[in-house]
Structure formats: C-alpha cells, structure tokens
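Spelled out from the first residue to the last, the chains are:
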Amino acid sequence: MSQIGGNCVAVIGAGSWGTALAIRLCRNGHRVQLWGNEADHIAELRAEGENRRFLPGIAFPPGLVALTALDQALNGATDCLAVVPSHAFAAVTRALAGLLPSGIGLAWATKGLDPASGGLLHTLAQQALPGQDLAIVSGPSFAREVAQGLPTAVTVASAQPEFARRTAALLHGERFRAYTSSDMVGVEISGAAKNVLAIATGIADGLGFGANSRAALITRGLTELIRLGTALGGRGETFMGLAGVGDLVLTCTDNQSRNRRMGLALARGSSVAQAREEIGQEVEGVVTAQAVRTLAQRYGVEMPISEQVYQVLYEGRSPLQATAALLEREPKPEFD
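Residues numbered from 1 in each chain as written. Predicted model: local features only at pLDDT ≥ 70, side-chain atom pairs only at ≥ 80, totals over all residues. Heavy atoms only, no water.

Moving on, we get to the nonpolar core. Among the nonpolar cores identified, the biggest contains 39 residues, and Leu113, Ile189, Ile199, Leu228, Met262, Leu266 and Leu313 are the most heavily contacted of them. Listed by contribution, the elements that provide at least two residues to this core are helix 8 (184-206), helix 9 (210-231), helix 11 (242-253), helix 12 (258-267), helix 13 (272-279), helix 14 (284-299) and helix 15 (304-314). Tallying contributions element by element places helix 8 first for this core, with ten residues. (Core = buried A, V, L, I, M, F, W, Y, C linked by side-chain atoms within 4.5 Å. Buried < 20%, exposed > 50% of the residue type's maximum accessible area, 1.4 Å probe, protein only. Helix = DSSP H or I, 4+ residues; strand = E, 2+ residues; numbered from the N terminus.)

Written out as structure tokens, the structure is:
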C-alpha cells in the first residue's frame, strides 16, 4: 500500500492512461475523482463501471467516480494528476489555475511537448501555476498492463524533492514501483522524443527490415535523445534509466505502443489520417515530431532519425525514401 492512505485524488483526463492511473490509485486505497471533457463518454463510464472505449474488460474498483465538471473533480481533492494529450496541456493548466485548491501541487503523466512552442510542459505549468509544486510521472508503462495490475516501474521527477516523494507515495504499491528524480528536463525530453523514435522503429519493422535494423534504430535513437536532452540541461544518467532507455525500448518494441503502430501503418502505405483513424486514440509522436524538430534546430542538435520521421509525417517523403536518406549518410565515428 501507499505511504499516504485515504487521499482524494483528482485525475484530469479519462483516456486509457488516465483511467489506468485512476485504477492504480484506487487500489492503493485512495478515492479518485476522474474528469473527462466528453459528457457521453463519462456517462458510459458511469453506466458500465469500466472504460469500455479504451480499457475494455477492466472493472473500476470502489472509490472511482467519473465527472464532467472540472470544479467537481477538484472539490475536496488533496492531490491532482493531469493525464491529457500534450496539445491540451496548456489549456488544462490554465483552467486549473483558477480552480486548484490552495496548497495542492500538480503532477502530470503527459508525455510530449507543447505543439505551439516546442517547449517543455513544466514551463507551461510554471507559467499557469506560479509557485505551485510540480512533478512529472513517466517511464515504461502501458496503460492496460498497469490497469491489469502487472508489475510496472516509473519515475516521478520534481524540482521539489518532498513533492516528488509525495507523488511517488500516492502511486507506489503492490506491483507498482515509483522512483524519484529531480531531473524534470531529462524525464520530459525522454518521454517526448521516444514517441518519435517509436514511429521510426515501426516503419522499419513494417518494411521488413529485421531485428538488426530495429536494434540499430533504438541505439542510435537513444543517442539522439541524449543529445537533445543534454542540450536542454538534462542529466546523462536520466537517459539511461526508466524514463529514458526503459521507455524507449518499451515503446519501440511492443505493438501496444500507438506510436509504433503508426509506423507500421505508414510502412503499409496508409496515410497519417488513415492510421490515426485505425488506431483510434491520440498518437503523441505525430505532433511531437514537429516540436522535437523545432527544438533540435533551435539548439543545433543533429537528429537524423527524428528528422526523417518528420519528413514522412509532414513533407510527403515515403518510408523507403526516408530509409535511403539515413543509409546514404557519410560514415562517421560512432562517438563524437
């Protein structure tokens, strides 16, 4: 059980990941007020006692209430966890600014960057909630496996050590281990960039390039992730931990990853729109590819794999053309 018992947690976002974390919190003995912005979806959750749209077959534990009014979700809450797509994060934090009870910090499990600016999410949160405690939850964690109670480990990063420990304690429990970190930048960049690299790996596997290619893409992708993360001030050890290489390997190698499935679909000849419709949920790597490219150009970071993913998604380059562009690059030292 968590070190903190019987809290009331507002979980903002009723997608698969938000629902899975809400279930996790309830199993730890907390009450959860789960907010979603679609009234018909929330009505389904209440009527069916599960999130049949995103996590079918997993019943809600006692203590989970689904709500459509944000102020009701925050009423009586002792903690707040936002789990919304990256493109909605700025609007959600602005909405929370007028509603978040005094003394309550904000944690989030969103993995991405701000599509409008290419900026890190904690920067948006600092602007909307000045002086509030902030934390990010990230790491190798598929929603369905967390909801099923399968063993999982994540990282909770915050500039405020006590808030990191509090957030980790809320989540930590049987079969769910939460570590703490102070490197918000490294954890955020890892959680965002790995989605772009998972699209690349999905493309390679969809083209039938084999295990050698997959291993090379993951390894060189990690190099890109480290380059960008350290340029922004992240610490090297973060990228070799759960939020870095752990989440990268998970997202690149298992078809539960929506980003990997996007790559597989593109390799089959589907358009981005067709692949999105087929997947039926947000594919963070699509919008993040633009934001990663913006940051890489701003900081002068070389990210050839991520660049080719951007070219396929936004410039009409075919997966085979993108592969050729990578393979035809001049030989160079592996470490420079």
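It is worth spelling out the sheet that holds strand 2 (residues 31-35) at this point. By way of backbone hydrogen bonds, the strands of a sheet pair with one another, either parallel or antiparallel. Read across the sheet, eight strands follow the order 3-2-1-4-5-6-7-8 without closing on themselves; strand pairing throughout is mixed. Edge positions in the sheet fall to strand 3 (64-67) and strand 8 (176-181), since each has one partner strand and no second. Put simply, the sheet's adjacent strands are angled 25° from each other on average, direction ignored. Direction of pairing for strand 6 (residues 134-138) relative to strand 7 (residues 152-157): antiparallel, over a ladder of three bridges. Within the sheet, the bridge partner assigned to Ser138 lies in strand 7 and is Thr155. Its contacts with the sheet place helix 11 against strand 6, strand 7 and strand 8, and it is angled at close to 140° to strand 7. (Pairing = 2+ DSSP bridges. Axes fitted to C-alpha atoms, helices over the stretch in contact; angles between N-to-C directions. Contact = heavy atoms within 4.5 Å.)

Quick look at the environment of Ala193 now. Mapped onto the elements, Ala193 comes out in helix 8. It is 11 Å that separates the C-alpha atoms of Ala193 and Phe239, two residues lying 46 residues apart in sequence. Apart from the residues within four sequence positions on either side, Ala193 is in contact with Leu225 and Val292.

As a further point, take helix 5 (residues 121-128). When helix 5 is considered as a whole, its buried residues turn out to be Leu121, His122, Leu124, Ala125 and Ala128. Viewed along the axis of helix 5, the buried residues span an arc of 155°, placing them on a single side of the element. Contact partners of the buried residues in helix 5: helix 4 (86-97), strand 5 (106-108), strand 6 and helix 8. (Arc of directions from axis to C-beta.)

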